[in-house]
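# Residue-level structural notes
Chain by chain, the residues:
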Amino acid sequence: MRTARVAGPASIGKGARYCGTRPATVVPGVSFSRAPRLNRLGLCAIALLAAGAFAVNARAAQKEAASKEALIAADHAFAEAAAQGNEKAAASLLGPRFTWTNRDGKTRTRAQALAAWKTLGATAGNESGADARVYGRVGVVTGMGKIGSEDVRFGRIWIEEPTGWKAMVYQANPVLPPAPAAAPAPEKGKATCINPCKEVPYEPKTATVHSVVASWQALETANFGHDAEGWARHVSDDFMLIRPNGKLLDKAFRMATIREQKAKSIVVHVPTAQWVHVWVFGDTAVMIARHHLLNGTPYRATRIWILRGGVWQLALSQQTIIK
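Residues take numbers from 1 onward in each chain, read along the sequence in its written order. Only residues with pLDDT of 70 or above have their local features reported here, since the model is predicted, and side-chain atom pairs are shown and tallied only from 80 upward, although totals for entire chains, interfaces and linings are computed over all residues. The side-chain values count all of the structure's non-hydrogen atoms but skip hydrogen atoms and water molecules.

## Points about the packing of aromatic side chains
Two aromatic rings, drawn from Phe, Tyr or Trp (for Trp, its six-membered ring), form a pair once their centres lie within 6.5 Å of each other, and the interplanar angle then sorts them: stacked below 30 degrees, edge-to-face above 60, tilted otherwise. For the structure on display, the rule yields eight aromatic pairs. For the pair Phe78 and Trp100, a centre-to-centre distance of 6.2 Å together with 20° between the ring planes defines the contact as stacked. Taken as a pair, Phe78 in helix α2 (residues 37–84) and Trp100 in strand β1 (residues 94–101) lie far apart in primary sequence, 22 residues in all. For every residue, the accessible area obtained with a 1.4 Å probe (protein chains only) is divided by the maximum for its type, and the residue is called buried under 20%, exposed over 50%, and partly exposed between those limits. Residue class for Phe78 comes out buried when judged on its relative accessible area of 1%. On the numbers, 6.3 Å between centres and 20° between planes, the contact of Phe78 with Tyr170 is stacked. Here Tyr170 lies in strand β6 (residues 164–174) and Phe78 lies in helix α2, a separation of 92 residues in the sequence. Like Tyr170, Phe78 is buried. By the ring-pair criterion, three or more aromatic residues cluster together here, those being Phe78, Phe98, Trp100, Trp117, Trp158 and Tyr170. By the criteria applied, helices consist of DSSP H or I runs no shorter than four residues and strands consist of E runs no shorter than two, each listed in order from the N terminus.

Okay, here's the thing in structure tokens:
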């Protein structure tokens, strides 16, 4: 029995003679024996298909690695431009939809941010511990900064354009000390969730955007109904939540919170949406919205949605109180 091995070009050539061609890659475990010709042809077809899939996956991994490297370089250039108050350098990195939201929730457009760049950049603080993730054409960089003695947590959203990565969102949160632990008391009566569970102040223009919004509504409906598993179906495993107090939470923590609220009969008040905007970039979507808490406090939320297994899942949610 003669078995093809991924040992080098010589082995590839031996296996190739049984297929009548010279494939670029041979898959381990595929045996080219002296079996009937039809069986050998079947094995050859499987091997060539598997080799092709392996090559495609390898190219995709290389492309993603290069894309992430370019994202990190662009984000580093952004941080330098902010620290140095270099408006010209910043202008080359900011996309047309760019917004800058500081730790007090004040948001500036691209033009407003550039006009105030020399003083605005200093409010970004000295950064450290940046984490970069790539979701198709959308990049996410999160980390910590320090302004004087105050800690801030930041999130930056990038879009990969033909000319390179362009910043779409800068958003910051103050990192506040933990509040005294106090278990919320069960409430009497029954809360409702109309906005955003059943309706939102936004009209999707495409079927894709409609699917993103529908997934968000399903997520909030599950949250409102203490359905941790239903909520989880619309959340990616690498989910990050940046709360208004700067605390970073993951999927497991949120699921445990939902279960605890159910066990203690705690009424969930889902913040209403004042306005919503969604942009789709392939299999990734950026959602920016303004919400109001039950007490009327407004906050700005930036969300990243990714399409996995035919379901739009929430990968990032960052919430900043508007003072």
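Here the narrative resumes, following the displayed structure.
## Some remarks on the pairing of β6
In terms of burial, β6 is a largely internal element, ten of the eleven residues being buried. Two strands make a pair as long as DSSP finds a minimum of two bridges between them. Sheet analysis places β1 next to β6, joined by four bridges and oriented parallel. If you follow Thr99 over to β6, its bridge partner there is Val169. Pairing analysis gives ten bridges linking strand β5 (residues 150–161) to β6, with the strands arranged antiparallel. Within the sheet, the bridge partner assigned to Gly155 lies in β6 and is Gln171. Between the end of β5 and the start of β6, which pair antiparallel, lie two residues.

## Observations concerning the state of the cysteines
Simply put, disulfide is the name for a covalent bond between the sulfur atoms of two cysteines. Two cysteine sulfurs form what is called a disulfide whenever their separation falls within 2.5 Å. Enumeration over the complete set of coordinates arrives at one disulfide. Between the sulfur atoms of Cys193 and its disulfide partner Cys197 the distance amounts to 2.0 Å. Because the torsion about its S-S bond is 85°, the bridge between Cys193 and Cys197 counts as right-handed.

## Remarks on the sheet that holds β6
Taken in spatial order, the six strands line up as β2-β1-β6-β5-β4-β3 in an open sheet, and their pairing is mixed. At either end of the open sheet lies a strand with only one pairing partner, and these are β2 (107–109) and β3 (126–135). With direction set aside, neighbouring strand axes in the sheet form an average angle of 15°. The axes are straight lines fitted to the C-alpha atoms, using for helices just the contacting stretch, and the angles between their N-to-C directions are given from 0 to 180°.

## Remarks on the pairing of strand β4 (residues 138–147)
Of all ten residues in β4, eight are buried; the element is thus mostly enclosed. Taken together, the eight bridges between β3 and β4 define a ladder with antiparallel strand orientation. Bridge pairing in β4 places Tyr135 opposite Val138. Where β3 hands over to β4, the hairpin turn is made up of two residues, of which Gly136 adopts a positive phi near 65°. By the bridge criterion, ten bridges tie β4 to β5 in an arrangement that is antiparallel. In the strand pairing of β5, Gly143 is matched with Phe154. Counted between consecutive antiparallel strands, the loop separating β4 from β5 contains two residues, among which Gly148 sits at a positive phi close to 65°.

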